[in-house]
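# Topology and contacts: notes
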Amino acid sequence: MQKSFKDQKATLYLVSTPIGHLKDITIRAIETLQTVDAVFAEDTRTSMVLFQRHDIKKPLFSYHEHNKLAREQHILDMLADNKHVALISDAGTPGISDPGYEIAQAVIAAGYHVVAIPGPSAILAALVSAGLIMQPFTFVGFLPKKQQEAKRIVETYVKRKETLVIFESPMRIPKTLTLLHQVLGNRRMALARELTKTFETIIRTDLVSSLDMTHATKGEYVIVIEGDLTKETFEDESVEERVNHHIQQGATEKDALKLVAKERGMSKSDIYKIYKIDRNNT
Ligand code: SAM
């Protein structure tokens with residue numbers, strides 16, 4: 001158990017930084033970067049811009065895909081020396097489609113604290129501006145570059161109800177939209193482009209219309225897609241299975257029984273009787 005503010009322990013801070021607009025940084029993020037003993041950054045040149053803007057004068061080391069193992073030891077050595085360390089990525093929240101989770105795991109395993117300094121995240125900025133249902137949602141991350149692998153992953157979401165949030169590089173946007181349409185059919189969706197930047201654009205459309213975007217695309221994009229909102233049919237499911245389904249989604253047993261009664265147009269007492277019989281038979 002980590003009591004972040006009660007126990008005094010050497011700490012790795014995962015600090016969120018702007019995804020475009022340089023003013024999108026919290027006071028706590030700036031203070032943390034000004035007070036730690038060292039900052040590890042995905043791209044030290046990008047981070048220097050932030051450092052200069054906010055008067056941060058701390059030793060800056062690179063931490064990226066290609067040196068993360070060597071840097072892990074460096075960070076652990078600093079923590080062993082009772083130093084505090086911050087990790088930042090190029091943009092947004094470290095660890096989210098960015099380097100960070102391995103070092104967080106290693107630091108936790110070594111018994112030190114890992115503390116998040118929350119802030120910008122392209123996932124949440126895109127989700128809340130898309131105009132689609134905001135929860136539940138699933139963050140898919142980047143789809144694999146190989147079409148067959150990407151297709152296999154998208155297929156697992158065909159029947160899922162939640163909104164999907166997908167990262168994609170600009171060059172691959174047309175190909176990915178075509179794949180999403182082939183597998184998911186037509187659905188409402190949004191393309192959130194250049195969030196928080198001068199050319200921020202939110203295109204609220206559907207997958208069929210998005211296919212017209214075959215021209216070369218520029219800028220950073222997040223794809224947000226509506227879940228499968230077609231009405232469920234319950235003929236194949238017993239009352240008990242349906243109640244269990246709602247319980248798994250977070251409902252209490254009482255609420256689950258109410259929901260099943262509503263779905264089937266029956267009284268709660270009749271549903272309860274069937275539920276008891278189903279349960280006794282299993
Ligand atoms: N760690 C970052 C975060 O928390 O937002 C995400 C980093 S990931 C390597 C980069 C991807 O995030 C981009 O390809 C794009 O899909 C999305 N992204 C980052 N900044 C964005 C922005 N300003 N507008 C739209 N998408 C953005």
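Residues numbered from 1 in each chain as written. Predicted model: local features only at pLDDT ≥ 70, side-chain atom pairs only at ≥ 80, totals over all residues. Heavy atoms only, no water.

## Here we look at the sheet that holds strand 4 (residues 85-88)
Applied cut-off: For two strands to pair, DSSP has to find at least two bridges joining them. Only DSSP runs of H or I covering at least 4 residues are called helices, and only runs of E covering at least 2 are called strands; the numbering of each starts at the N terminus. Comment: axis = line fitted to C-alpha atoms, over the contacting stretch for helices; angle = value between 0 and 180 degrees taken between N-to-C directions.
The strand order 3-2-4-1-5 describes an open sheet built from five strands, whose pairing is parallel. Bordering the open sheet on either side are strand 3 (60-62) and strand 5 (113-117), each of which pairs with just one other strand. Direction aside, neighbouring strands of the sheet carry axes that sit 25 degrees apart on average. Bridge count between strand 1 (residues 11-15) and strand 4: three bridges; the pairing is parallel. The residue bridging Leu14 from the neighbouring strand is Leu87, located in strand 4.

## Here's the deal with the side chain of Glu168
Selection criterion: In this scheme, a residue with accessible area under 20% of its type's maximum is buried, one over 50% is exposed, and one in between is partly exposed, where area comes from a 1.4 Å probe on protein chains only. Here a polar contact means two N or O atoms within 3.5 Å. Within protein one must be a hydrogen donor candidate and the other an acceptor candidate, and residues neighboring in sequence count only if both atoms are side-chain atoms. We call two residues in contact when some of their heavy atoms are within 4.5 Å.
Relative to the helices and strands, Glu168 resides in strand 7 (residues 163-168). Classification of Glu168 as buried rests on a relative accessible area of 6%. Polar contacts involving the side chain of Glu168 include one to the side chain of Thr176, which spans 2.7 Å. In this structure, Glu168 is in contact with Phe142, Ile173, Thr176, Tyr221 and Ile223, ignoring residues within four places of it in sequence.

## Focus on the nonpolar core
This is how it is decided: Throughout this description, the term nonpolar core refers to a set of buried Ala, Val, Leu, Ile, Met, Phe, Trp, Tyr and Cys residues connected via side-chain atoms within 4.5 Å.
Leu177, Leu180, Leu191, Ile223 and Ile225 are the most contacted members of the largest nonpolar core, which totals 20 residues. Elements with a contribution of two residues or more to this core: helix 6 (147-155), strand 7, helix 7 (173-184), strand 8 (188-193) and strand 10 (221-225). Considering every element that reaches this core, the biggest residue donor is helix 7, with six residues. Among residues more than four places away in sequence, those in contact with Leu180 are Val154, Ile166, Gly185, Leu207, Ile223 and Ile225.

## Observations regarding the sheet that holds strand 8
Spatially, 6-7-10-8-9 is the arrangement adopted by the five strands of the open sheet, whose pairing is mixed. The outermost strands of the open sheet, each flanked by one partner alone, are strand 6 (137-142) and strand 9 (201-206). Each adjacent strand pair in this sheet contributes to an overall mean axis angle of 15 degrees, direction not counted. Of the strand pairs in this sheet, strand 8 and strand 10 are connected by five bridges, and their pairing is antiparallel. In the sheet register, Arg193 faces strand 10, and the bridge partner there is Tyr221. Running over the sheet, helix 7 touches strand 7, strand 8 and strand 10 and is turned about 10 degrees from strand 10.

## Observations concerning the domain arrangement of the chain
Using the following cut-off: Reported domain spans reflect what an automatic or database domain assignment gives. Once two parts are joined, some of their accessible surface, as seen by a 1.4 Å probe, is lost; buried area is that loss totalled over both. Each reported salt bridge corresponds to a side-chain nitrogen of Lys or Arg within 4 Å of a carboxyl oxygen of Asp or Glu.
By the assigned domains, the chain splits into domain 1 (11-120), domain 2 (132-225) and domain 3 (239-280). For domain 1 versus domain 2, the separation of C-alpha centres amounts to 29 Å. Taking both sides of the interface into account, the surface hidden between domain 1 and domain 2 amounts to around 470 Å²; carbon and sulfur atoms contribute 64%. Considering only the side of domain 1, the residues that lose the most area to domain 2 are Ile19, Ile96 and Ser97, jointly responsible for 70% of the buried surface there. For the pair domain 1 and domain 2, the interface holds zero salt bridges. For the interface between domain 1 and domain 2, the tally reads two residue pairs in polar contact (both at pLDDT 80 or more).

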